[in-house]
Amino acid sequence: MTDTEILNAMKTIIGEAEQRISKNTIVLMESEFAPKFDLLAEGQRAILDKLPNEDDLEIMNGRIATLEAIVRKLSKEVAELKKVN
């Protein structure tokens, strides 16, 4: 076997090995990461499902504004009562 033939045979062997390594790496990554990404997506979906929608946010913002106004009013009344006593 000539040096060129040996070199070509080595290139072929190395090329085949690289292909097997790439294929095995892809299979390993899919088997390891895909289920974890699926679980992550499910968890994220569960969190997003619990978040209030826009209508609920508007209602809550209105209620918060009302409560803040009541607290301000009651704080003023308490301050006035403290001044009297």
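It should be noted that the structure appears before, not after, this text.
Procedures and definitions
- Residues numbered from 1 in each chain as written.
- Predicted model: local features only at pLDDT ≥ 70, side-chain atom pairs only at ≥ 80, totals over all residues.
- Heavy atoms only, no water.
- Helix = DSSP H or I, 4+ residues; strand = E, 2+ residues; numbered from the N terminus.
- Rg over C-alpha atoms; globule rule 2.2 N^0.38 Å.
- Buried < 20%, exposed > 50% of the residue type's maximum accessible area, 1.4 Å probe, protein only.
- Areas by Shrake-Rupley, 256 points an atom, 1.4 Å probe, with all protein chains shown as cover.
- Lys, Arg positive; Asp, Glu negative; His and termini not counted.
- Charge placed at Lys NZ, Arg CZ, Asp CG, Glu CD.
- Salt bridge = Lys/Arg side-chain N within 4 Å of Asp/Glu carboxyl O.
- Phe/Tyr/Trp six-rings, centres within 6.5 Å; stacked < 30°, edge-to-face > 60°.

Caption draft 1: Region of the structure containing the overall build of the chain. Tallying secondary structure elements over the chain gives two helices and zero strands in all. Its C-alpha atoms give the chain a radius of gyration of 34 Å, clearly above 12 Å, the size a compact globule of 85 residues would have. Along the first, second and third principal axes, the C-alpha atoms of the chain reach 110 × 25 × 15 Å. Burial status across the chain gives 0% buried among its 85 residues. Of the roughly 8,200 Å² that the chain leaves accessible, carbon and sulfur atoms contribute 62%. Across the chain, the mean location of the 12 positive side-chain charges is 13 Å away from that of the 16 negative side-chain charges.

Caption draft 2: Representation of the pattern of salt bridges within the structure. Overall, the coordinates contain three salt bridges when judged by the stated rule. Across the pair Glu32 and Lys36 runs a salt bridge whose closest N-O atoms are separated by 3.7 Å. Linking Glu32 with Lys36, this pair stays in helix α1 (residues 3–50), spanning four residues, or about one helical turn. For Asp49, the salt bridge identified is with Arg45, shortest N-O distance 3.1 Å. On the criterion of helical spacing, the pair formed by Asp49 and Arg45 is a turn pair, its members being four residues apart in helix α1. A relative accessible area of 52% means that Asp49 is categorised as exposed.

Caption draft 3: Quick peek at the packing of aromatic side chains. For the coordinates displayed, the defined rule picks out one aromatic pair. Where Phe33 meets Phe37, the ring centres are 6.4 Å apart and the plane angle is 45°; that geometry is what we call tilted. Here the residue Phe33 and the residue Phe37 both occupy positions in helix α1, the gap between them amounting to four residues, near one helical turn.

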